[in-house]
Amino acid sequence: QKEVEQDPGPLSVPEGAIVSLNCTYSNSAFQYFMWYRQYSRKGPELLMYTYSSGNKEDGRFTAQVDKSSKYISLFIRDSQPSDSATYLCAMSETGGGADGLTFGKGTHLIIQP
Amino acid sequence: GAVVSQHPSRVICKSGTSVKIECRSLDFQATTMFWYRQFPKQSLMLMATSNEGSKATYEQGVEKDKFLINHASLTLSTLTVTSAHPEDSSFYICSARIPGQGVIDTQYFGPGTRLTVL
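Residues numbered from 1 in each chain as written. Chains lettered and ligands numbered in written order. Predicted model: local features only at pLDDT ≥ 70, side-chain atom pairs only at ≥ 80, totals over all residues. Heavy atoms only, no water.

Asker: I keep staring at the overall build of chain A and nothing clicks. Help me out?
Answerer: From N to C terminus, chain A includes 0 helices and 11 strands. Each helix (α) and strand (β) of chain A, taken in turn from the N terminus, gives the series β-β-β-β-β-β-β-β-β-β-β. On the principal axes, the C-alpha backbone points of chain A span a range of 40 × 30 × 25 Å. Counting across all 113 residues of chain A, residues that qualify as buried make up 42%. Here the analysis covers contacts within chain A between residues at least 6 apart in sequence; of these, 55% occur between residues at least 24 apart. (Helix = DSSP H or I, 4+ residues; strand = E, 2+ residues; numbered from the N terminus. Buried < 20%, exposed > 50% of the residue type's maximum accessible area, 1.4 Å probe, protein only. Contact = heavy atoms within 4.5 Å.)

As structure tokens, this is what we get:
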């Protein structure tokens, strides 16, 4: 069983729709959860991070973590064509950055104009 | 914001040659840098952790004699793929850690280097 599972998609939705992206994980020691956006042939760009369970909102983006279910989500409201990219979830046991990140495969998101 | 650069962005080489990839933090000092590898439609896989002034720590299954890492200064880490073979063709991405920013230490990623071994 892989440590982090993420549906690779592609996920195609019309402009303006609410997008829901999800990851599940098996390592209960993960405490820090991040979402990265990656455009084709580019490095990942940090979107949001959360610690432990709970919600965090930043503009059109909302991140949710449910540690009891080992399930994290990223919601994008009022989706735009410019949001089209691959979204990667990432996790770590320590927030100190001493260890590298464990990534999901990434979900390829397409926002149709 | 923090900027991490990589050079070269793309390299094509013959099988058996060695390739060096540089990772630089442009506007901050990074005591720790990470090297990842990403195959097409696959996740980023951590290869090694590079600490300035000490030996790199490699993940299980990554050959340290094949992937040489040197973290000579607080702004530069290099990855050398020695005796490259076609199966080493991949997208290599580095990240640099900024300590002490809020709850977590943020990792900023470089733009990646696409290696193609013929």
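Next comes the rest of the write-up.
Asker: Explanation requested: the interface of chain A and chain B in the structure shown.
Answerer: Interfaces are frequently sized by the accessible area removed from exposure as the parts join. The interface of chain A with chain B comprises 22 residues on the first partner and 23 residues on the second. Across the chain A to chain B interface the summed buried area is about 1,800 Å²; carbon plus sulfur atoms make up 57%. Among the residues of chain A in contact with chain B, R41, Y49 and K105 of chain A are the three that bury the most area, contributing 26% of the side total. Counting across the interface, chain A meets chain B through 0 salt bridges. Applying the counting criterion to the chain A and chain B interface returns 6 residue pairs in polar contact (both at pLDDT 80 or more). Considering each element in turn, the side of chain A that touches chain B owes the most residues, 4 residues, to strand 4 (residues 32–38) of chain A. A breakdown of the residues in the side of chain A that touches chain B according to their chemical character gives 11 nonpolar, 7 polar and 4 charged. (Buried area = accessible area lost by both parts, 1.4 Å probe. Salt bridge = Lys/Arg side-chain N within 4 Å of Asp/Glu carboxyl O. Polar contact = N/O pair within 3.5 Å; in protein donor to acceptor, adjacent residues only side chain to side chain. Nonpolar A, V, L, I, M, F, W, Y, C, P; charged D, E, K, R; others polar.)

Asker: What am I meant to see in the packing of aromatic side chains here?
Answerer: Overall, the coordinates contain 9 aromatic pairs over all chains when judged by the stated rule. Centroid distance Y36 of chain A to F109 of chain B: 5.2 Å. Interplanar angle 85°. Geometry classified as edge-to-face. One end of the pair, Y36 of chain A, is in strand 4; the other, F109 of chain B, is in strand 10 (residues 106–109), on a second chain. F109 of chain B matches Y36 of chain A in its accessibility class, with the two residues each being buried. An angle of 85° between the planes, with centres 5.6 Å apart, marks the rings of F103 of chain A and Y36 of chain B as edge-to-face. Of this pair, F103 of chain A sits in strand 10 (residues 102–103) while Y36 of chain B sits in strand 4 (residues 32–38), on two different chains. Take F103 of chain A: its relative accessible area is 5%, and that puts it in the buried class. (Phe/Tyr/Trp six-rings, centres within 6.5 Å; stacked < 30°, edge-to-face > 60°.)

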